[in-house]
Amino acid sequence: MSRKPVTGGSTVVRLPAGPTTALPSDICPVCKRVRYLNTDMEFLINPECYHPMCSNCVTNIFKAGPAQCPYATCTKTLRHRGFRSAFFSDLAVEREVDIRRRVAAAYNMVEDDFETLRDYNNYLQDVEDLTFDLISGGDKERNAAEQKLLHREQEFREEIERNKRRGREAELSRQKRDAAEAEAARQRRLEEQREEARARAEEATINAEVMEALQRGEPGSAAEIQARIVAQKRARVAAIAGTHFPSLLDSEVANNRGLSIRGLKSKKTSDEEEDLSKPYSPFAGLGAALMPSRYHISDAYPNPWLEAARTNEDHRVPGYSIPEYVTRAMFDAFAGLGVNVADEKKDVARGPGTVVAAGAAVAKRVPKRLDVDEVSG
């Protein structure tokens with residue numbers, strides 16, 4: 001008596017709870033073969049139901065054609081080509097990875113396809129909600145999510161293929177860029193190796209010349225002879241460079257003749273560029289003018305409150321500066337000494353204090369009697 005298969009159901013089903021959530025390691029749940037007697041036994045799964053069985057059972061049951069899953073509670077029709085090895089020992093994780101791979105293949109849009117970042121984030125949230133319903137939702141949520149995914153795969157097939165081609169092109173471009181960067185790094189390493197080889201060869205040549213000079217009995221120590229040989233080599237290199245590249249010896253000629261182009265406007269440096277080229281000044285160049293003129297700050301002041309902070313390490317806090325505290329206190333103490341309130345009152349009284357006086361000042365005429373409001377400081 002065969003079980004009646006379910007038609008029109010989802011292609012992705014929830015893994016039944018029980019021992020099949022983990023991949024068996026020793027005994028096949030279908031034929032009961034033991035790995036101890038069959039060392040080459042391999043367990044396979046089918047994404048239709050994720051029920052594991054050994055490769056011998058898959059060959060015996062499904063090689064002749066499609067057949068029903070041998071598990072008693074499963075009604076799925078399986079095919080031989082659908083079986084594969086599981087990457088994870090936990091089949092629930094294996095199923096979730098397959099579902100996420102399928103959803104990502106159908107919803108393969110990127111951020112550039114949306115007008116705003118919020119629209120793209122909402123799209124990602126919808127995709128994650130759909131994935132959650134397929135993985136952990138109930139029967140109603142899972143069926144609705146499956147129908148939505150099938151509709152996406154069928155109705156937007158051209159868009160999905162176009163996004164796949166674009167993704168492949170982007171991946172190919174990234175691989176080419178990585179290959180170019182790797183080749184550039186390899187060339188830099190080769191150049192460094194060649195430079196090191198040239199430096200070692202030059203050092204060996206200098207050492208050989210030093211030994212020959214010592215054998216000839218030239219005056220001076222080995223270090224002096226080596227310095228003299230190095231100076232001679234540098235002079236020869238400079239002479240050769242001057243012969244082949246005369247512009248290197250005369251920078252003004254290179255700037256005025258060799259690299260000059262007629263008709264170009266003279267470059268003028270703006271005030272902003274000049275300010276950027278100068279060292280940064282937090283007081284806009286007024287550091288000397290801001291120094292106190294009415295008092296002088298000493299190195300130390302007798303203050304029992306600050307003695308502990310000055311001498312005891314336990315009282316010191318990062319960011320607290322005793323000289324800064326003293327400077328601030330002295331500034332607060334002497335801040336009002338240069339202000340004469342009476343003189344300021346006279347200056348204010350001499351100015352136009354009312355609207356009538358302001359109009360008279362504009363019209364260059366002074367009325368016979370002018371009432372000036374008293375300004376209190």
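What you see is a predicted model, and the numbers here were worked out from it, not measured in a lab.

In this section: the packing of helix H2 (residues 91-106) against helix H3 (residues 117-136). Contact pair H2 / H3: the axes reach a minimum separation of 10 Å and the direction vectors enclose 145 degrees. Classified by chirality, the crossing of H3 by H2 is right-handed. Note on element contacts: H3 touches H2 through Val127, Glu128, Thr131, Leu134 and Ile135, opposite Arg95, Glu96, Ile99, Arg100 and Val103. Of the residues that constitute the contact of H2 with H3, the class distribution is 5 nonpolar, 1 polar and 4 charged.

This part covers the side chain of Arg152. As for its placement among the helices and strands, Arg152 is situated in helix H4 (residues 139-155). Buried and unpaired, Arg152 has Glu159 as its nearest opposite-charge partner, separated by 4.1 Å. At 3.1 Å, the side chain of Arg152 and the backbone oxygen of Ala106 are in polar contact. Among residues more than four places away in sequence, those in contact with Arg152 are Ala106, Tyr107, Met109, Arg157, Glu159 and Ile160.

Next up on the list: the packing of H3 against H4. Two elements in contact, H3 and H4, have axes separated by 8 Å at closest approach and are oriented at 130 degrees. The angle between H3 and H4 places the two elements in the oblique class. The crossing of H3 and H4 is left-handed. Contacts between H3 and H4 pair Leu130, Asp133 and Leu134 from the former with Glu141, Arg142, Ala145, Glu146, Lys148 and Leu149 from the latter. Partitioning the contact of H3 with H4 into residue classes produces 4 nonpolar, no polar and 5 charged.

Let's shift gears to the nonpolar core. A general trend in soluble globular proteins is that nonpolar side chains are found buried together. If you look at the biggest cluster of nonpolar residues, it comprises 16 residues, and the most contacted ones within it are Cys28, Met53, Val58, Phe62, Cys69, Leu78 and Phe83. Every element with two or more residues in this core is listed here: strand E1 (43-45), strand E2 (53-54) and helix H1 (55-62). For this core, the element with the most residues is H1, which contributes 3 residues. For Met53, the contacting residues outside a window of four places in its chain are Cys28, Val30, Glu42, Phe43, Leu44, Val58, Phe62, Pro70, Tyr71 and Phe83. Residues Met109, Phe114, Leu134 and Ala145 belong to the second largest nonpolar core, which totals 15 residues.

Bringing the packing of aromatic side chains into the picture now. One pass over the full model with this rule turns up 6 aromatic pairs. Between Phe62 and Phe83 the ring centres are 4.9 Å apart and the planes differ by 40 degrees, which places this aromatic pair in the tilted class. Of this pair, Phe62 sits in helix H1 while Phe83 sits in the loop between strand E4 (77-78) and strand E5 (84-85); the two residues are 21 residues apart in sequence, bridging distant segments of the chain. Centroid distance Phe114 to Tyr123: 5.0 Å. Interplanar angle 40 degrees. Geometry classified as tilted. Tyr123 carries the same exposure label as Phe114, and that label is buried. Linked through ring pairs, Tyr107, Phe114, Tyr120 and Tyr123 together constitute an aromatic cluster. The ring of Tyr107 carries Arg152 above its face, with NZ or CZ at 5.0 Å from the centroid.

Right, let's get into helix H10 (residues 322-334). A rise of 1.5 Å per residue sets the reference length of H10, with its 13 residues, at 18 Å; its end C-alpha atoms lie 18 Å apart and thus fit the reference within 8%. Among the residues of H10, those classed as buried are Ile322, Val326 and Met330. Relative to the axis of H10, the buried residues are bounded by an arc of 70 degrees and lie together on one face. Across from the buried face of H10, at angles greater than 90 degrees, the exposed residues are Glu324, Arg328 and Phe331. Tucked into the core, H10 has its buried residues touching helix H9 (304-311).

Here we come to the sheet that holds E5. Pairing is antiparallel in the open sheet, where 3 strands are placed in the order E2-E1-E5. Two strands in the sheet have a free side with no partner beyond their single neighbour: E2 and E5. In this structure, E1 lies alongside E5, joined through 2 bridges in antiparallel fashion. If you follow Ile45 over to E5, its bridge partner there is Arg84.

On the surface, a cluster of nonpolar side chains totalling about 470 Å² of accessible area is made up of Ile27, Val34, Tyr36 and Leu37. By the element assignment, Leu37 lies in the segment before E1.

Residues other than glycine seldom take positive phi values, yet Lys32 does so here, at roughly 65 degrees. Residue class for Lys32 comes out exposed when judged on its relative accessible area of 55%. Even without glycine at this site, Tyr50 takes up a positive phi of about 60 degrees. Of note, Tyr50 is situated in the loop between E1 and E2. Its relative accessible area of 2% is what places Tyr50 among the buried residues.

With that out of the way, let us pick up helix H5 (residues 157-216). Helix length check: H5, at 60 residues, gives a terminal C-alpha distance of 88 Å against a target of 88 Å (1.5 Å per residue), a fit within 8%. Along H5, the residues classified as buried are Ile160, Asn163, Ala185, Ile206, Val210 and Ala213. Note on H5: the residue one or two positions beyond its end, Gly217, has a positive phi of about 80 degrees.

Definitions and cut-offs
- Every chain begins its residue count from 1, and numbering advances along the sequence as written.
- Given that the model is predicted, a residue must reach a pLDDT of at least 70 before its local features are reported, and side-chain atom pairs must reach 80 or more before they are shown or counted; all residues, however, enter totals for whole chains, interfaces and linings.
- Excluding hydrogens and water, the side-chain values take into account all heavy atoms of the structure.
- Helix axes are fitted to C-alpha atoms over the stretch in contact, other axes to C-alpha atoms as well, and angles between N-to-C directions run from 0 to 180 degrees.
- Here a strand is any run of E in DSSP of at least two residues, a helix any run of H or I of at least four, and the numbering for each starts at the N terminus.
- Note on convention: near helix rotated counterclockwise from far helix by under a right angle means a left-handed crossing. Clockwise means right-handed.
- In this analysis, two residues are considered to be in contact whenever any of their non-hydrogen atoms come within 4.5 Å of each other.
- Asp, Glu, Lys and Arg are counted as charged, while Ala, Val, Leu, Ile, Met, Phe, Trp, Tyr, Cys and Pro are counted as nonpolar; the rest, among them Gly, fall into the polar class.
- Each residue is placed in one exposure class: buried if its accessible area under a 1.4 Å probe, protein chains only, is under 20% of its type's maximum, exposed if it is over 50%, and partly exposed if it falls in between.
- For this count, His and the chain ends are skipped, Lys and Arg are scored as positive, and Asp and Glu as negative.
- For this document, the term salt bridge refers to a Lys or Arg side-chain nitrogen within 4 Å of an Asp or Glu carboxyl oxygen.
- Distance and chemistry together define a polar contact, namely a pair of N or O atoms within 3.5 Å, with one atom able to donate a hydrogen and the other to accept it when in protein, and with adjacent residues in sequence counting only for side-chain atoms on both sides.
- Angles are sorted into four bins: roughly parallel if under 35 degrees, roughly antiparallel if over 145, roughly perpendicular if 65 to 115, and oblique for all others.
- The set of buried Ala, Val, Leu, Ile, Met, Phe, Trp, Tyr and Cys residues whose side-chain atoms join them within 4.5 Å is what this entry labels a nonpolar core.
- The aromatic pairing rule takes the rings of Phe, Tyr and Trp, using the six-membered ring of Trp, and pairs them if the centres are within 6.5 Å, calling planes under 30 degrees apart stacked, those over 60 edge-to-face and the rest tilted.
- For a ring to carry a charge above it, either NZ of a lysine or CZ of an arginine must fall within 6 Å of the ring centroid while also lying within 35 degrees of the normal to the ring plane.
- In this analysis, the expected span of each helix is defined as 1.5 Å times one less than the number of residues it contains.
- Taken from the helix axis, the directions to the C-beta atoms give the arc we talk about.
- Should DSSP find at least two bridges between two strands, the strands are regarded as paired.
- Note on patches: the residues involved have over 30% relative accessible area and no salt bridge, like charges join within 9 Å, and the nonpolar side chains Val, Leu, Ile, Met, Phe, Trp and Tyr join within 5 Å.
- Note on areas: these come from Shrake-Rupley sampling with a 1.4 Å probe, and a residue is covered only by the protein chains present in the view.

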